[in-house]
Amino acid sequence: MESIVDRDPRDSDPRVRDSNVGGRATVSELRARLGPVSLIRQQTENTTALRALPEALAPLASILPMGGVQRGWSVGVDGHGAWTLAMGLAGWLMEADGWMAAVGLEDLGLVGAGEQGVALDRVLMVETPPPDQWPTVVAALVEAMHVVCVRPHHRIGRPEARRLQARAREQQAVLVHLDGGRTWPYPVDLALIGRSQQWDGLGEGHGHLQGRRLLVEVGGRRAPGVGQWAEVRLDGQLNETRLNGAGSR
Amino acid sequence: MSGLESTRMVVVWCPDWPIVSWGVPPDEPAAVLVANRVVSTSPAAREEGVRAGQRRREAQSRCPDLALLDRDVDRENRLFEPVVAALDAITPRVEVAGAGLVGFPTRGPARFFGGEEAMARAVVDAVIPQLSRRGQVRVAIADGVFAARLAARCRPGGRYTDGVDSAAVNDAAVMQIVPPGASGDFLAPMPITTLEMPDLTDVLIRLGLDTLGLFAQLAAADVVDRFGRDGLLAHRLARGLDDHPPDLRHPAPDLAVSWTFEPPAEVIERCAFVIKTLADELHANLNSRGLSCTRVAIEAETETGERQLRLWRHQGTLSAAAVADRARWQLDGWLHQTAASRPSSGILRLTIVPDEVVPATGRQLGFWGADRGRAEDVTRVVARLQTILGADGLTVPEFKGGLSAGEQLRIVPAAAVDLTEARPAAGPGWTAEPWPGRLPPPSPLRVHPDPLPVELVDERGEPLAVSGRGELSGRPHRIRTEEGWRTVSRWAGPWPAEQRWWDPLTQRRRARMQMVLDDSSAHLLVIERRQWWIEASYF
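Residues numbered from 1 in each chain as written. Chains lettered and ligands numbered in written order. Predicted model: local features only at pLDDT ≥ 70, side-chain atom pairs only at ≥ 80, totals over all residues. Heavy atoms only, no water.

(A) Quick peek at the overall build of chain B. Counting its secondary structure elements, chain B contains 15 helices and 20 strands. A buried classification covers 48% of the 539 residues belonging to chain B. Considering only contacts within chain B whose residues lie at least 6 apart along the sequence, 57% involve residues at least 24 apart. Within the structure as shown, chain B displays about 26900 Å² of accessible surface, and the carbon and sulfur contribution to it stands at 52%. (Helix = DSSP H or I, 4+ residues; strand = E, 2+ residues; numbered from the N terminus. Buried < 20%, exposed > 50% of the residue type's maximum accessible area, 1.4 Å probe, protein only. Contact = heavy atoms within 4.5 Å. Areas by Shrake-Rupley, 256 points an atom, 1.4 Å probe, with all protein chains shown as cover.)

(B) A look at the nonpolar core. Core analysis: the largest hydrophobic core is formed by 58 residues, its most contacted members being B:Val127 and B:Val296. For this core, the two domains that each supply at least three residues are domain 1 (8–21 + 103–238) and domain 2 (253–359) of chain B. Leaving out residues up to four positions away in the same chain, B:Val127 has contacts with B:Val12, B:Cys14, B:Val83, B:Leu87 and B:Val137. In this structure, A:Val77, A:Leu93, A:Val147 and A:Val216 belong to the second largest nonpolar core, which totals 48 residues. (Core = buried A, V, L, I, M, F, W, Y, C linked by side-chain atoms within 4.5 Å. Domains from an automatic or database assignment.)

(C) Representation of the environment of B:Asn36. All names here are of chain B. For Asn36, the location among the structural elements is in the loop between β2 (30–34) and β3 (37–41). A relative accessible area of 42% places Asn36 in the partly exposed class. Each C-alpha atom of the pair Asn36 and Gly53 lies 9.3 Å from the other, and the pair is 17 residues apart in sequence. When residues no more than four places from it in sequence are discounted, the contact partners of Asn36 are Gln54, Arg55 and Arg56.

(D) Spotlight on the interface of chain B and chain A. Contacts between the two partners involve 54 residues from chain B, matched on the other side by 60 residues from chain A. Summed over both sides, the interface of chain B with chain A buries roughly 4700 Å², with 62% coming from carbon and sulfur. Taken together, the connections running from chain B to chain A amount to two salt bridges. When the shortest N-O distance is used, the salt bridge between B:Arg446 and A:Asp107 registers 2.9 Å. The interface formed by chain B and chain A holds 19 residue pairs in polar contact (both at pLDDT 80 or more) in total. Every element with two or more residues in the side of chain B that touches chain A is listed here: α15 (375–389), β13 (394–399), β15 (446–457), β17 (484–499) and β18 (508–517) of chain B. With nine residues, α15(B) is the largest single contributor of residues to the side of chain B that touches chain A. Class assignment for the residues of the side of chain B that touches chain A results in 34 nonpolar, 10 polar and 10 charged. As paired strands, strand β3 (residues 123–126) of chain A and β13(B) are joined by two bridges and run antiparallel to one another. Paired with A:Met125 across the two strands is B:Thr395, which belongs to β13(B). (Buried area = accessible area lost by both parts, 1.4 Å probe. Salt bridge = Lys/Arg side-chain N within 4 Å of Asp/Glu carboxyl O. Polar contact = N/O pair within 3.5 Å; in protein donor to acceptor, adjacent residues only side chain to side chain. Nonpolar A, V, L, I, M, F, W, Y, C, P; charged D, E, K, R; others polar. Pairing = 2+ DSSP bridges.)

(E) Layout of the packing of aromatic side chains. Residues and elements named next belong to chain B. Tallied over the full model, the rule gives five aromatic pairs over all chains. Note on Trp17 and Phe80: the rings are 5.0 Å apart at their centroids and 70° apart in plane angle, and the pair reads as edge-to-face. Within this pair, whereas Trp17 is found in helix α2 (residues 17–20), its partner Phe80 is found in helix α5 (residues 73–88), the two being separated by 63 residues in sequence. Relative to Phe113, the ring of Phe112 lies with its centre 5.1 Å away and its plane at 85°, an arrangement referred to as edge-to-face. Under the relative-accessibility criterion, Phe112 is labelled exposed at 69%. The ring of Trp13 carries the charged tip of Arg153 above its face, separated from the ring centre by 5.1 Å. (Phe/Tyr/Trp six-rings, centres within 6.5 Å; stacked < 30°, edge-to-face > 60°. Lys NZ or Arg CZ within 6 Å of the ring centre and 35° of its normal.)

(F) Here's a closer look at the pairing of strand β16 (residues 478–481) of chain B. Residue and element names in this part refer to chain B. Relative to β16, β15 runs antiparallel, the two being bridged by three bridges. From the neighbouring strand, Glu455 faces β16, where its bridge partner is Arg480. By the bridge criterion, four bridges tie β16 to β17 in an arrangement that is antiparallel. Within β17, the residue paired with Ile479 across the bridge is Arg486.

(G) Layout of unusual backbone geometry. All names here are of chain B. In this structure, the amide linkage connecting Glu262 to the following residue, Pro263, adopts the cis form with an omega of 0°. Here Pro263 shows up in strand β9 (residues 257–265). Even without glycine at this site, Glu196 takes up a positive phi of about 55°. Within the chain, Arg529 stands out as a residue other than glycine whose phi angle is a positive 50°. With respect to the element layout, Arg529 can be found in the loop between β19 (522–528) and β20 (531–537).

(H) Representation of helix α7 (residues 116–131) of chain B in the model. All names here are of chain B. Look at α7: 23 Å from first C-alpha to last across 16 residues, which is about the 22 Å you get at 1.5 Å a residue. By the burial criterion, the buried members of α7 are Glu116, Met119, Ala120, Ala122, Val123, Val124, Ala126, Val127 and Leu131. Downstream of α7 by a residue or two, Ser132 has a phi angle that is positive, lying close to 40°. (Expected span 1.5 Å × (residues − 1).)

(I) Focus on helix α10 (residues 158–171) of chain A. Residues and elements named next belong to chain A. Relative to the 20 Å expected for 14 residues at 1.5 Å per residue, α10 spans 20 Å between its end C-alpha atoms, a close match to the ideal helical length. Taken residue by residue, α10 has Ala161, Leu164, Gln165, Ala168 and Gln171 as its buried positions. All buried residues of α10 lie within an arc of 140° about the axis, which places them on one face of the element. Exposed positions of α10 whose direction lies more than 90 degrees from the buried face are Arg162, Arg163 and Glu170. Tucked inside the fold, the buried residues of α10 contact β1 (74–79) and α9 (134–144). Positive backbone phi, approximately 60°, marks Gln172, located one or two places after α10. (Arc of directions from axis to C-beta.)

(J) How the structure looks around the packing of α9(A) against α15(B). Orientation of α9(A) relative to α15(B), taken along the N-to-C sense of each, is 170°, at an axis distance of 9 Å. Here α9(A) lies roughly antiparallel to α15(B), going by the angle between them. Together, A:Thr136, A:Val137, A:Ala140, A:Leu141, A:Glu143 and A:Ala144 of α9(A) and B:Asp377, B:Val378, B:Val381, B:Arg384, B:Leu385, B:Ile388 and B:Leu389 of α15(B) make up the contact between the two elements. When its residues are assigned to classes, the contact of α9(A) with α15(B) shows nine nonpolar, one polar and three charged. (Axes fitted to C-alpha atoms, helices over the stretch in contact; angles between N-to-C directions. Parallel < 35°, antiparallel > 145°, perpendicular 65-115°, else oblique.)

(K) Geometry of the side chain of B:Glu116. Residue and element names in this part refer to chain B. Secondary-structure assignment places Glu116 in helix α7. Within polar-contact distance, the side chain of Glu116 engages the side chain of Arg8 at 2.8 Å. Apart from residues no more than four positions distant in its own chain, Glu116 is found in contact with Arg8, Thr106, Ala110, Ile141 and Ile177.

No statement about biological role is implied by the geometric values presented.
Here is the structure:
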């Protein structure tokens, strides 16, 4: 496989790359993008070479298959701190240029979402579509967005759910169910359920909320087994780099 | 030889139409501005040195008594309609390129009036009364729209000017006729920038080709080789040919869309919805065939059989929104004319026909989906979903500063924002000043659009109150929500928040508290007028 990727040994020779000017760089760049290998490379990049989870969620990484949330999954969050976890994951999945859509989430605290790493200039708020249009709207969003957060007010039919799931997998978008996937007819790929939490910073009449320790149960179709637990600390911010405008990676 | 390939066209241009439509006489200095930049000036202002493209301040410093006007495209088009209607008497095929600029083929009318010059005179005679001495009309005849348009901008026998030169402004009308077949020679000395394709002309100028004539001497095949489709188009224009090759496909009749009003529509507002739907339908038809249209014919018919047909031409291709705009302008202008020319009854039928279509050369999506998730895709999705959810159904957040979690952001319709541009207002640095009284992070993830009323009592069961000095009347003990009673395990606050204390009508006195209940859920409570509410929850 390696030999196919680097078809031209000069491309990987640092001296050649450093000394090249103008045209040379473009040619090798184009070749890297055009070659049949790029398909394989891109697929592997998308599915395995995910960035590490944000530090606060690192305890989850040891439980999750391949150490992270995979693109194309459906993720359900429920219980304590569910929305915070969801926004933390969304901010992480958006990366440097992705968009997030929130469907029917008029009560989502966007300032809080921004603190968890969601880039607010790449958020689209979509009002709840009528039930018969819901699948159409979500399907359209899945095509353009990295993350689509939903909380349907009605139960989704099995055929629609299957189609949406297939579309999301094909487009490598993550569908996040903020109601824990209760309205979803299939088990979600990954379920994060906040079982208990302990708040810091608040006393009896003094202080202010600062952070919490959250016990998360990991479930879902892709979970490695039943009854996997992890304790995460959710302090002010999950993905700090994003809020400061610095690029990820 | 080349003359045979292009249609003889007459172009009628009313210079400075944005100014003229505001009713400013030529001897009064005035300028029309868009986003603080001058886009159009009156002749008097030009004499003082005011030019298009200047900033407002610069223009004012050159001419202190300059009248500043805002651009109003709807008004420009509505007031231009009588001019087009006057030309209707000369030919039924008037093409409107925009407010102030129309054209039509000379062939039929020139024969009717006995020659091009006589026809040009007839055009002038028809238009002058409509301008009521405020503006000028320029009529030019040449091979092809492009040459005719440039001819309209020149002084007879003189040089090309960007605006209207003041020497010629005293004449109410200026005519210029380029003889058949001479358009190429006429265009040759013109600067290459008249093509109005900055990307292309920048390169050409650097190659030393600074006039249309020099560019026209290149072989067409070489131009295509190097500059592609746009280059070929420009080359055709420079040679004095039509911009589109003459073998345009004739659109199939089923591409036309129409709507019958029931009952007939008498006000423009009723038409607006239909127009939007029709324009979208038209575009869906064209898209499914891989076509886009460069000219549409919009025809309105009233109950009593009056008809109004207008041809709208665009140099590029007409988007659905552009078609809708033009239909609206046309009907608006018609319904607002003087009593004599206004339709005597409501509009019964509206038909939009794509008159000239060309193969669409839209954006080709990346093969590997590499550019997925980018702002262009989002913009496209927004446009598509608007048809389902309405313009207000899709919003994007922007910071505005404020105290409570719900007040710090406002949401704006996504359609009103260019999503492909950087939006600093959506970045957290937008509001530099800290808002006093704001709570430090983490902010609540769930902000209830309608706060939930709750009861909060102390250990004796008395309702808890906050005094004018911001002190609690007791220890918070239990809270009653919709789900029943819960015990408060920890709390902090109250933090008083007085807003707009200077304004008795809008002032608000509130106090906030954070509370953790016995089920370990955390909430942000607010008291206002002795009533407690859950404003937000730390989900």
